[in-house]
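Structural description and commentary
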Amino acid sequence: MNDPAARVRIFDTSLRDGEQSPGCSMTAPQKLRFAHALAELGVDVIEAGFPASSEADMDAVRAIAREVRGATVATLARCHVGDIEACARALEGSVHPRIHVFISTSPLHREHKLGLSREQVLERAVMAVELAKRHVDDVEFSAEDALRTEPDFLAQVCIAAVNAGARTLNIPDTVGYTTPSEIRTLFEFLRASVVESGVPGAKDAVFSAHCHNDLGLAVANSLAAIEGGARQVECTINGIGERAGNCALEELVMALRVRGEYYGAHTRIDTRRLVPTSRLLSRITGMAVQRNKAVVGQNAFAHESGIHQHGMLKHRGTYEIMRPEDVGWAQSQMVMGRHSGRAALSDRLQALGFTLPEAQLNAVFAGFKSLAEKKREVFDADLEALVLGADARAARGHRLARFHVSTGVAQDSLPTASVQLVDADGASVSEAAVGDGPVHALFAALARGTGITLEIDSYQVSSVTTGDDAQGQAQVIARVDGREFTGSGTSTDILEASALAWLDIANRLQRTRAQAADTRAAAIA
Ligand code: KIV
Ligand code: ZN
């Protein structure tokens, strides 16, 4: 089990493949916060972004490369000179930088997406690996849509990439098409082909799996790739990612832990951080985890039926193959109250993965004290909401200074809302509106105050913790400029939480528009 050859490296791509999917966009400070949590979790590689895609991504990667320690920081590039150079700039300051270059290899992509022949794809792959290698020693090469590529050509590309200096060969199932036995056989074939080629570095090349979940097989396929010799798996927390998502990190890691002897493989993940990291991601993105999700779903360890409860009372092993505390459930039940001091708060936040600078800790402590006056018990989920709420308030955009809502069920009552907002430059604006209900009126007043119209797809309020004094978390999903945005807000007052969630989207939208304008201006200049 502890044979180093059987250690599987965990490459987390929540901040790149995950973040590029609808409803999962994050601001640069949120990405940085999450990257720290990934390092605490013990991932080997953090794919921080795709710096050539936007200034915002470049800024986020730069901050992660400078600050986050304990994991390799990878950045993605197409096989284009500009992309690779953007990666090199973004990674300045990183102790363990990696450039990850990719090109499509399948006939479908070669013909319809790239318009390139096999030879041209091969040439570009080699050019990109060699260029990346001039900037960093650690280069990864990915053959996009590998699972629909002719195996002999795929082997040829892999051999050429290793010969050019790639240390890791990633074989993505880009469209989630493969099956476990197929991917296992492919990995066995590719490994044998690369080793037999005898090119320099062939024996040490690390094979990596990157499976999408279109048929619900991403975790099963990644495990089968490990059986076929993969020693790196690319995955995301909560399985977020393009379309149906990527291989879920928490499921893969726990499968290797619970069935370690079967797979003969292990990871260095601190599994007790899985639940806190999963929760942090869903709070940041506003993307909830389904209740019955394996490992991190709320029902993952709930035993409802009498027969199961009876069995559990006699012996936990009857219906439990892993312990909730081993994946971090117990850790998330800690309670604090109004007598808890600043040092206790700081300790608890650190345990939750938040290391805050002095000024931010002071602000969160003030928020904690006022919350503890309203609620008897402050749970970890409340603390997370406080920190992330402070992040959202610190981000540039409109701030809610005050609001008033009146509503009723009498025949002549007209739900009415008034809001006072302060914009990013400190200017104050007040507006009022009526609506079919209090939330409708509030959103209409916010739309007037910001000049932004959101097409709301969904609106939900849930309680952050248990108890009738629990904080409410509002989540709004809206469509603007053809893109989906998710916003969240938390407060003991659910109308305030709703207004904060609406403003969270409006502010994200404004920042996205400003970044797009900057990128256009830079392209013209
Ligand atoms: O799914 C995919 O093919 C990818 C590559 C860019 C690695 O995400
Ligand atoms: Zn992908």
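An unreviewed UniProt entry annotates the protein chain as 2-isopropylmalate synthase originating from Lysobacter auxotrophicus. As its UniProt record puts it under Cofactor (unreviewed entry), the protein chain is described as follows: "Mn(2+)". Comment text from UniProt for the protein chain, heading Catalytic activity (unreviewed entry), reads "3-methyl-2-oxobutanoate + acetyl-CoA + H2O = (2S)-2-isopropylmalate + CoA + H(+)".

1. Let's talk about the site of ligand 1
Around ligand 1 lies a shell formed by Arg16, Asp17, His100, Phe102, Ser142, Glu144, Asn170, Pro172, Thr174, His210 and His212. At 3.0 Å, a side-chain N or O of Arg16 approaches an oxygen atom of ligand 1. His210 is positioned with one of its side-chain polar atoms (N or O) 3.1 Å from an oxygen atom of ligand 1. Coverage of ligand 1 by the protein chains reaches 94% of its 260 Å² of free accessible surface. Those elements giving two or more residues to the shell around ligand 1 turn out to be helix H1 (14-18), strand E4 (97-104), strand E5 (138-144) and strand E6 (168-173). Grouping the amino acids of the shell around ligand 1 by side-chain chemistry returns two nonpolar, six polar and three charged.

2. Describing the packing of aromatic side chains
Tallied over the entire structure, the rule returns four aromatic pairs. Seen from their ring centres, Phe443 and Tyr459 are 5.7 Å apart, and the 90° between their planes marks the pair as edge-to-face. With Phe443 in helix H17 (residues 438-450) and Tyr459 in strand E14 (residues 455-463), this residue pair connects regions lying 16 residues apart in the sequence.

3. Observations regarding the coordination of the zinc ion (ligand 2)
Taken together, Asp17 (OD), His210 (NE2) and His212 (NE2) make up the full set of protein donors to the zinc ion (ligand 2), lying 2.0 to 2.2 Å away. When the donor residues of the zinc ion (ligand 2) are listed from N- to C-terminus, their spacing reads D-x192-H-x1-H. Here His210 lies in strand E7 (residues 206-211) and Asp17 lies in helix H1, a separation of 193 residues in the sequence. When its relative accessible area of 3% is taken as the criterion, Asp17 is described as buried. Given the relative accessible area of 5%, His210 is considered buried.

4. Things to note about the sheet that holds strand E13 (residues 428-434)
The strand order across the open sheet built from three strands is E11-E12-E13, with neighbouring strands paired in antiparallel fashion. Strand pairing shows two members of the sheet lacking a second neighbour, strand E11 (399-406) and E13, which therefore form its edges. The average angle at which neighbouring strand axes cross in this sheet is 15°, direction not considered. Bridging between E11 and strand E12 (residues 416-422) involves seven bridges; their strand directions are antiparallel. Following the sheet pairing, Val405 is matched in E12 by Ala417. Relative to E13, H17 is tilted by about 140°, and along the sheet it contacts E11, E12 and E13.

5. Structural notes on the packing of helix H3 (residues 55-67) against helix H4 (residues 81-90)
The geometry of H3 relative to H4 is characterised by a closest axis approach of 8 Å and an angle of 40° between their N-to-C directions. It follows that H3 is oblique to H4 by the angle criterion. In this structure, H3 uses Met58, Val61, Arg62 and Ala65 to contact H4, whose residues at the interface are Ala86, Arg89 and Ala90. Partitioning the contact of H3 with H4 into residue classes produces five nonpolar, no polar and two charged.

6. Regarding the domain arrangement of the protein chain
Once the domains are mapped, the protein chain shows domain 1 (8-285), domain 2 (302-383) and domain 3 (396-524). Taken residue by residue, the interface counts seven residues in domain 2 and eight residues in domain 3. Taken together, both faces of the contact between domain 2 and domain 3 bury some 620 Å²; the carbon and sulfur share is 52%. Our enumeration of links across domain 2 and domain 3 arrives at zero salt bridges. Our enumeration of links across domain 2 and domain 3 arrives at one residue pair in polar contact (both at pLDDT 80 or more). Within the residue set of the side of domain 2 that touches domain 3, elements represented by two or more residues are helix H15 (358-374) and helix H16 (380-394). Residue composition of the side of domain 2 that touches domain 3, grouped by class: three nonpolar, no polar and four charged.

7. Comments concerning the nonpolar core
Judged by nonpolar contacts, the single largest core of 122 residues is most densely connected at Val101, Phe141 and Ile171. At nine residues, the largest contribution of residues to this core is made by helix H7 (residues 151-164). Counting contributing residues per domain, this core is built from domain 1 (8-285) and domain 2 (302-383), each supplying no fewer than three. Contact partners of Ile171, with chain neighbours within four places excluded, come to Ala146, Leu147, Leu154, Cys158, Leu186, Phe187, Leu190, Phe207, Ser208, Ala209 and His210.

What counts and what doesn't
- Residues numbered from 1 in each chain as written.
- Chains lettered and ligands numbered in written order.
- Predicted model: local features only at pLDDT ≥ 70, side-chain atom pairs only at ≥ 80, totals over all residues.
- Heavy atoms only, no water.
- UniProt positions renumbered as here; feature names shortened; annotations may be inferred.
- Near = heavy atom within 4 Å.
- Polar contact = N/O pair within 3.5 Å; in protein donor to acceptor, adjacent residues only side chain to side chain.
- Areas by Shrake-Rupley, 256 points an atom, 1.4 Å probe, with all protein chains shown as cover.
- Helix = DSSP H or I, 4+ residues; strand = E, 2+ residues; numbered from the N terminus.
- Nonpolar A, V, L, I, M, F, W, Y, C, P; charged D, E, K, R; others polar.
- Phe/Tyr/Trp six-rings, centres within 6.5 Å; stacked < 30°, edge-to-face > 60°.
- Donors = N, O, S within 2.8 Å, 3.2 Å for Na, K, Ca; no water.
- Buried < 20%, exposed > 50% of the residue type's maximum accessible area, 1.4 Å probe, protein only.
- Pairing = 2+ DSSP bridges.
- Axes fitted to C-alpha atoms, helices over the stretch in contact; angles between N-to-C directions.
- Contact = heavy atoms within 4.5 Å.
- Parallel < 35°, antiparallel > 145°, perpendicular 65-115°, else oblique.
- Domains from an automatic or database assignment.
- Buried area = accessible area lost by both parts, 1.4 Å probe.
- Salt bridge = Lys/Arg side-chain N within 4 Å of Asp/Glu carboxyl O.
- Core = buried A, V, L, I, M, F, W, Y, C linked by side-chain atoms within 4.5 Å.

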